[in-house]
2 protein chains.
Amino acid sequence: MTGLLADRLCAAGYRLTAARSATIRVLESGDPHLSPAEVLERGRAFHPALSRATVYRTLELLTSLGLLRPLYGGEDGVRFACVADGHHHLICLKCGAAIHFDRCGLDDGMEHDLEQQFGFEVKSHMLELYGLCADCRRALPEEK
Amino acid sequence: MTGLLADRLCAAGYRLTAARSATIRVLESGDPHLSPAEVLERGRAFHPALSRATVYRTLELLTSLGLLRPLYGGEDGVRFACVADGHHHLICLKCGAAIHFDRCGLDDGMEHDLEQQFGFEVKSHMLELYGLCADCRRALPEEK
DNA sequence: GTACGTGCAAAGGTTTTGCATGGCG
DNA sequence: CGCCATGCAAAACCTTTGCACGTAC
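How each quantity is defined
Residues numbered from 1 in each chain as written. Chains lettered and ligands numbered in written order. Predicted model: local features only at pLDDT ≥ 70, side-chain atom pairs only at ≥ 80, totals over all residues. Heavy atoms only, no water. Buried < 20%, exposed > 50% of the residue type's maximum accessible area, 1.4 Å probe, protein only. Helix = DSSP H or I, 4+ residues; strand = E, 2+ residues; numbered from the N terminus. Pairing = 2+ DSSP bridges. Contact = heavy atoms within 4.5 Å. Buried area = accessible area lost by both parts, 1.4 Å probe. Salt bridge = Lys/Arg side-chain N within 4 Å of Asp/Glu carboxyl O. Polar contact = N/O pair within 3.5 Å; in protein donor to acceptor, adjacent residues only side chain to side chain. Nonpolar A, V, L, I, M, F, W, Y, C, P; charged D, E, K, R; others polar. Least-squares fit on C-alpha atoms with pLDDT ≥ 70 in both. Near = heavy atom within 4 Å.

Some remarks on the pairing of strand 5 (residues 121-132) of chain B
Taking burial as the measure, the twelve residues of strand 5 of chain B include ten buried ones, the bulk of the element. Bridge analysis of strand 5 (residues 121-132) of chain A against strand 5 of chain B gives eleven bridges, and the strand direction is antiparallel. Bridged to Tyr130(A) within strand 5 of chain B is Ser124(B). Direction of pairing for strand 3 (residues 87-92) of chain B relative to strand 5 of chain B: parallel, over a ladder of six bridges. Bridging from a neighbouring strand, His89(B) pairs with Glu128(B) of strand 5 of chain B.

Focus: the interface of chain B and chain A
Contact residues are listed per partner, giving 41 residues for chain B and 42 residues for chain A. Summed over both partners, the interface of chain B with chain A buries about 4,100 Å², with 63% contributed by carbon and sulfur atoms. By the criterion of area lost to chain A, the three top residues of chain B are Tyr72(B), Phe120(B) and Tyr130(B), representing 20% of everything that side buries. Seen at the junction of chain B and chain A, the total is four salt bridges. Seen at the junction of chain B and chain A, the total is 15 residue pairs in polar contact (both at pLDDT 80 or more). Sort the elements by how many residues they give to the side of chain B that touches chain A and strand 5 of chain B lands first, with twelve residues. When its residues are assigned to classes, the side of chain B that touches chain A shows 24 nonpolar, nine polar and eight charged.

Observations concerning the relation of the copies chain B and chain A
When chain B is fitted to chain A, the residual RMSD is 0.3 Å, and the transformation amounts to a turn of 180 degrees plus an axial shift of 0.0 Å. With respect to symmetry, the two chain copies, as superposed, fit the operation of a two-fold axis. For chain B, the minimum C-alpha distance to the rotation axis belongs to Leu127(B) and amounts to 2.2 Å. Here 100% of the contact residues of chain B are again contact residues in chain A; the copies associate through an equivalent surface.

Here we look at the protein's contact with DNA strand D
Surrounding DNA strand D, one finds 20 residues, the nearest of these being Thr17(A), His47(A), Arg57(A), Tyr56(B) and Val78(B). In the environment of DNA strand D, a sugar or linking oxygen lies 3.3 Å from a nitrogen or oxygen atom belonging to the side chain of Arg15(A). Arg57(A) is positioned with one of its side-chain polar atoms (N or O) 2.8 Å from a base nitrogen of DNA strand D. Broken down by secondary-structure element, the contributors of at least two residues to the surface near DNA strand D are helix 2 (18-28) and helix 4 (52-64) of chain A together with helix 4 (52-64) of chain B. For the surface near DNA strand D, the element with the most residues is helix 4 of chain B, which contributes four residues. Of the residues assigned to the surface near DNA strand D, the class counts are ten nonpolar, four polar and six charged.

Considering the protein's contact with DNA strand C
In the neighbourhood of DNA strand C, 20 residues make up the surrounding shell, with Tyr56(A), Thr17(B), His47(B), Thr54(B) and Arg57(B) lying closest. Per the 4 Å cut-off to the protein, sugar and phosphate atoms form 67% of the nearby atoms of DNA strand C. Here a phosphate oxygen of DNA strand C and a side-chain polar atom of Thr54(B) are 2.9 Å apart. Taking Arg57(B), its side chain carries an N or O atom lying 2.8 Å from a base nitrogen of DNA strand C. Contributions of two or more residues to the surface near DNA strand C are made by helix 4 of chain A together with helix 2 (18-28) and helix 4 of chain B. Here the surface near DNA strand C takes four residues from helix 4 of chain A, the largest share from any one element. Looking at the surface near DNA strand C residue by residue, the classes come out as ten nonpolar, four polar and six charged.

Structure (structure tokens):
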């Protein structure tokens, strides 16, 4: 339990309430790709009164702080990923599976170069690679 | 006019119809981050009868071929980006501006390593860096 | 000529909003 | 104690789906 999201939230001047705390606990507990509905369902384990509207508001707030990122998954709508310290996925174009990997091939000097070139202040990043996962590669040749 | 999207579509065995052609022309004409509504509006310049449903169907089709990628933009919902040959953005967390840059710091051996490790076949990729654009950095200190 | 693709319009689900209440700081 | 945040429920929105017709190949 690092409390990274909570820390950043407070540092930005927002209150750490029961609803937000529950939402954050869900986001930091394992599964890195959750839909708003899943966050609501799991969040109610920590704070039964949690409302759908508050989940949406909290997700938007964390996104605006650069801590979360909304992704379009394979088929089931939006999912949010924590990108506080960079996030890297392999995404299967067929089944929508998102595989997380740690290694980031990013050139370390790159962020600095971009800040120089565009005056852009980089806070986090995400790298996605698209293709076919092992299971779908196996399945494809068979189906006709 | 490269016709890259059209070529790939046909190569995959799909028909190149007037509706699809119009949609593709919009996607290949400049602006790399379009919402479905914008695609519809601009597409009707080429094919007035173009329907909203067909735009959605075509966007989904191109996405499943790994040519497009749905992104959640700053505030206005989904936008689609062409990732046929890799795409790299700086995204402003405040105003939602998406700045394209060419340089990709990706380690060239990385794709191959991931194929070895996960059995994943990489077809395209996208790199997003989140932060504040030059304009918003200037504006922030002023507004209280 | 045939199977695929389209347009229309209605259905479905998710996301957003307003307002009175509650609780953090 | 004041203001921020919440919960509820309704409203708004975007997206998807069914079906009969048109058309690419």
